[in-house]
Amino acid sequence: MLRGHTRSSVRNRFALSVKSRCMAELKAAHRTHQGKIETLKRVMPEVISTIVLCFRGYCGNQCAKNSYVCSGNKRQAKNFMPANVKVKMVASDQEVLKKCIEMVLGPMALEATKLLTTTPNMCEAVNRVLSSSDPQKCHFLT
Ligand SMILES: [Zn+2]
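Only a predicted model underlies this, so the values are computations on that prediction, with no experimental measurement involved.

Cut-offs used in this document
- Residues numbered from 1 in each chain as written.
- Predicted model: local features only at pLDDT ≥ 70, side-chain atom pairs only at ≥ 80, totals over all residues.
- Heavy atoms only, no water.
- Helix = DSSP H or I, 4+ residues; strand = E, 2+ residues; numbered from the N terminus.
- Buried < 20%, exposed > 50% of the residue type's maximum accessible area, 1.4 Å probe, protein only.
- Contact = heavy atoms within 4.5 Å.
- Polar contact = N/O pair within 3.5 Å; in protein donor to acceptor, adjacent residues only side chain to side chain.
- Expected span 1.5 Å × (residues − 1).
- Bend = angle between axes of the 7 residues up to and from the residue.
- Core = buried A, V, L, I, M, F, W, Y, C linked by side-chain atoms within 4.5 Å.
- Donors = N, O, S within 2.8 Å, 3.2 Å for Na, K, Ca; no water.
- Tetrahedral: all angles 85-135°; square planar, octahedral: opposite > 155°, others 65-115°.
- Salt bridge = Lys/Arg side-chain N within 4 Å of Asp/Glu carboxyl O.
- Axes fitted to C-alpha atoms, helices over the stretch in contact; angles between N-to-C directions.
- Parallel < 35°, antiparallel > 145°, perpendicular 65-115°, else oblique.
- Left-handed = near helix turned anticlockwise from the far one by under 90°.
- Nonpolar A, V, L, I, M, F, W, Y, C, P; charged D, E, K, R; others polar.

Draft legend 1. Examining the overall build of the protein chain more closely. Secondary structure assignment for the protein chain yields seven helices and zero strands. When the helices and strands of the protein chain are read in sequence order from the N terminus, they spell out α-α-α-α-α-α-α. Taking all 142 residues of the protein chain together, 42% fall into the buried category. Nonlocal contacts in the protein chain, meaning residues at least 24 apart in sequence, comprise 70% of its contacts between residues at least 6 apart.

Draft legend 2. Representation of the side chain of Ser 67 in the model. As for its position among the elements, Ser 67 is in the loop between α3 (61–66) and α4 (74–78). A distance of 3.1 Å separates the side chain of Ser 67 from the backbone nitrogen of Val 69, its partner in a polar contact. Residues contacting Ser 67, with those up to four places away along its chain left out, are Arg 21, Glu 25, Thr 50 and Gln 62.

Draft legend 3. Here's a closer look at helix α2 (residues 37–55). Between its first and last C-alpha, α2 extends 25 Å over 19 residues, near the 27 Å set by a 1.5 Å rise per residue. At Val 43, α2 is deflected by roughly 40 degrees, the largest bend along its length, and proline Pro 45 occurs up to four residues later in sequence. Taken residue by residue, α2 has Ile 37, Thr 39, Leu 40, Met 44, Val 47, Ile 48, Thr 50, Ile 51, Val 52, Cys 54 and Phe 55 as its buried positions. Immediately downstream of α2, the backbone of Gly 57 shows phi near 100 degrees, a positive value.

Draft legend 4. Structural context of unusual backbone geometry. In this model, Gln 34 sits at a positive phi of 50 degrees, which is unusual for a non-glycine residue. Along the chain, Gln 34 turns up in the loop between α1 (2–32) and α2. On the basis of relative accessibility, which here comes to 63%, the residue Gln 34 falls in the exposed class.

Draft legend 5. The arrangement of the nonpolar core in detail. Leu 97, Ile 101 and Leu 105 are the most contacted members of the largest nonpolar core, which totals 20 residues. When residues of this core are traced back to their parent elements, those giving at least two are α1, α2 and α5 (91–105). No other element matches α2, which puts eight residues into this core.

Draft legend 6. View of the coordination of the zinc ion. Bound to the zinc ion on the protein side are Cys 54 (SG), Cys 59 (SG), Cys 63 (SG) and Cys 70 (SG), at distances that span 2.3 Å. If you look at the zinc ion, its four donor atoms make angles of 97 to 122 degrees with each other, and the shape they trace is tetrahedral. Positions of the donor residues of the zinc ion along the chain correspond to the pattern C-x4-C-x3-C-x6-C. Given a relative accessible area of 6%, Cys 54 falls into the buried group.

Draft legend 7. Examining the pattern of salt bridges more closely. In the structure shown here, the tally under the stated rule is three salt bridges. Within the structure, one salt-bridge network assembled from shared partners comprises Glu 38, Lys 41 and Glu 111.

Draft legend 8. Just the packing of α2 against α5, in detail. Where α2 meets α5, the closest approach of the two axes is 10 Å, and the angle between their N-to-C directions is 135 degrees. Considering their axes alone, α2 and α5 lie oblique with respect to each other. Relative to α5, α2 is oriented so that their crossing is right-handed. Within the contact between the two elements, α2 uses Met 44, Val 47, Ile 48, Ile 51, Val 52 and Phe 55 and α5 uses Gln 94, Leu 97, Lys 98, Ile 101, Glu 102 and Leu 105. When its residues are assigned to classes, the contact of α2 with α5 shows nine nonpolar, one polar and two charged.

Taken by themselves, the reported measurements are silent on function.
If you want it as structure tokens, here you go:
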């Protein structure tokens, strides 16, 4: 019971971190490209895979090149990571994470957030995706 509780609160913090990173990327990219949705759609696939790499601990050149908020300096990446959480992901987790990020930065989401007037409820979305995946396979928290 206690374990389950701890697990879900850490998962929540992780979801919040993913959310804040995505929102930061989205806002910065919007500024850089002056809200041009077509441009944003073109650059976001790279940004999405960069965020996945960064959250896996491979912060570096990819971030420097593609990220709008992380310069590839690990210290910066930490701003977006929950404290004391070691993220170890297997391939299926990465897919889940990618899906979560796509909810904010994917083409559909970009259309929906055109004017940044609506903020998708990312945390709930992430939790929904995470809880629908096989918990045995979720290694976010190991
Ligand atoms: Zn990074």
